[in-house]
Amino acid sequence: MFRLVSLNVNGIRSAATKGLVPWAESVSADCMGVQELKVHADDMPPALRTIAGMQGHFHHAEKKGYSGVGIYTRHEPSDVLIGLGTHDVTTQFDAEGRWVELRFDKPGRKLSLISCYFPSGSSGDERQAAKYRFLDMIAPHLARLRAEREFILVGDVNIAHKEADLKNWKGNLKNSGFLPEERAWMTALLDPAGGAGLIDVYRRLHPDTTDACYTWWSNRGQARAKNVGWRIDYHLATPALAETARAASIYKDTWFSDHAPLTVDYDFSL
C-alpha cells in the first residue's frame, strides 16, 4: 500500500512543538503533504526539512509567517515543480506559496503528487475575490494536467462541498467556504463529464459520514469540544488513482493544529 497524508499544520514550527514529528514517524507514510507552513525559506528549521525519513520539498511564501506548502517523501521524484509558473499569470498566488508538485514519471506512466493550499476568503471581500480568481485559474489547470497525467492533489481547499461536510450548514450559507458559487465550483470539478472530472477520495470511501468527516474546527466557541467542524481538507485524484484507494482515516487523538490529518492508503507503488 501507498500511504499519503495531508495536513494543514497552521505553522510547521508550531505543529512540531505539539508532537507532529513522532506522530509522522509512527504513521509510516510514503508521502505527507503539508499546508500553511508559515515559515520563510530562510527560517525553515533544518530539523524540519526532513521528517520521519521523508525528504521535504517546499514552496514558501515571499511574506514571512504566511501560507506555504510542502511535500515530504521517502521516494525520489523524477521532477519537482515549485509553484504554478506561467499558469499563474499575475504571479500573485506563486508569491503566496500555494503549489508544490512532485512527479514520479517512468516509462509508460506519468504520475504527480501535489500539495496545494487554496486561498481563504473569510477575512473580507478582497480576499474572497482573490479566492475566486484562484478557482478560475486552477480549474482549467487541473483539467490540462489530467489530460496528460495521473495525479493526486492533497490540501486545504477551504470549501465544504455538501451540507454533510459541516456541522452548521444552515448558518454558513452566506459565509466564505460554503458559498453557492464555491460549492458549484467544487461540483463542476468533480463532474465526470467536466474538464477535470476528479474524484473526492474520502467521499468515495465514506459517502455517508457526517460528524466524523470534519477536518477543521474554529478556535472560537469551543468548536472542537462540540465537534462543530468543517470538511475542507481533501485528496482529489484522477479516476484511475482514486479507484486504488482502499482506506481513509482522519486522526483526532492528538492535535497538531486546527486541522486534523487526513490519511489515505492506495493500492499502487511509486
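Refer to the structure printed above.
Structural notes, computed from the coordinates. (Residues numbered from 1 in each chain as written. Predicted model: local features only at pLDDT ≥ 70, side-chain atom pairs only at ≥ 80, totals over all residues. Heavy atoms only, no water.)

## A word on the sheet that holds strand β3 (residues 50–51)
Spatially, β3-β4-β5-β2-β1-β15-β14 is the arrangement adopted by the seven strands of the open sheet, whose pairing is mixed. Each having just a single partner strand, β3 and β14 (245–250) make up the two edges of the open sheet. In this structure, β3 lies alongside strand β4 (residues 54–59), joined through two bridges in antiparallel fashion. Residue pairing in the sheet places I51 in a bridge with M54 of β4. (Pairing = 2+ DSSP bridges. Helix = DSSP H or I, 4+ residues; strand = E, 2+ residues; numbered from the N terminus.)

## Here's the deal with unusual backbone geometry
Phi is mostly negative for residues that are not glycine, and the peptide bonds are mostly trans. In this structure, S67 takes a positive phi of about 50° despite not being glycine. One can find S67 in the loop between β4 and β5 (69–73). For Q222, which is not glycine, the phi dihedral falls at a positive 55°.

## A closer look at the environment of V69
Among the secondary structure elements, V69 is positioned in strand β5. Distance in space between the C-alpha atoms of V69 and I82 is 9.6 Å, their sequence separation being 13 residues.

## Some remarks on the packing of aromatic side chains
This structure, assessed with the given rule, holds 11 aromatic pairs. Here F93 and F134 contribute two aromatic rings whose centre-to-centre distance is 5.0 Å and whose plane-to-plane angle is 80°, an arrangement assigned as edge-to-face. Remark: F134 occurs in helix α4 (residues 125–148) and F93 occurs in helix α3 (residues 92–95); sequence separation between them is 41 residues. The burial state of F93 is the same as that of F134; both residues are buried. Ring centres of F118 and W185 lie 5.9 Å apart, and the angle between their planes is 70°; on these two criteria the pair is classed as edge-to-face. A residue pair is termed long-range when its members are at least 10 positions apart, and F118 in the loop between β8 (111–117) and α4 and W185 in helix α5 (residues 180–189) qualify at 67 residues. Members of the aromatic cluster, joined through ring pairs, are F93, F118, F134 and W185. Taking NZ or CZ as reference, K63 lies 5.0 Å from the ring centre of Y66, over its face. (Phe/Tyr/Trp six-rings, centres within 6.5 Å; stacked < 30°, edge-to-face > 60°. Buried < 20%, exposed > 50% of the residue type's maximum accessible area, 1.4 Å probe, protein only. Lys NZ or Arg CZ within 6 Å of the ring centre and 35° of its normal.)

Without other data, these values stay purely geometric and don't point to any function.
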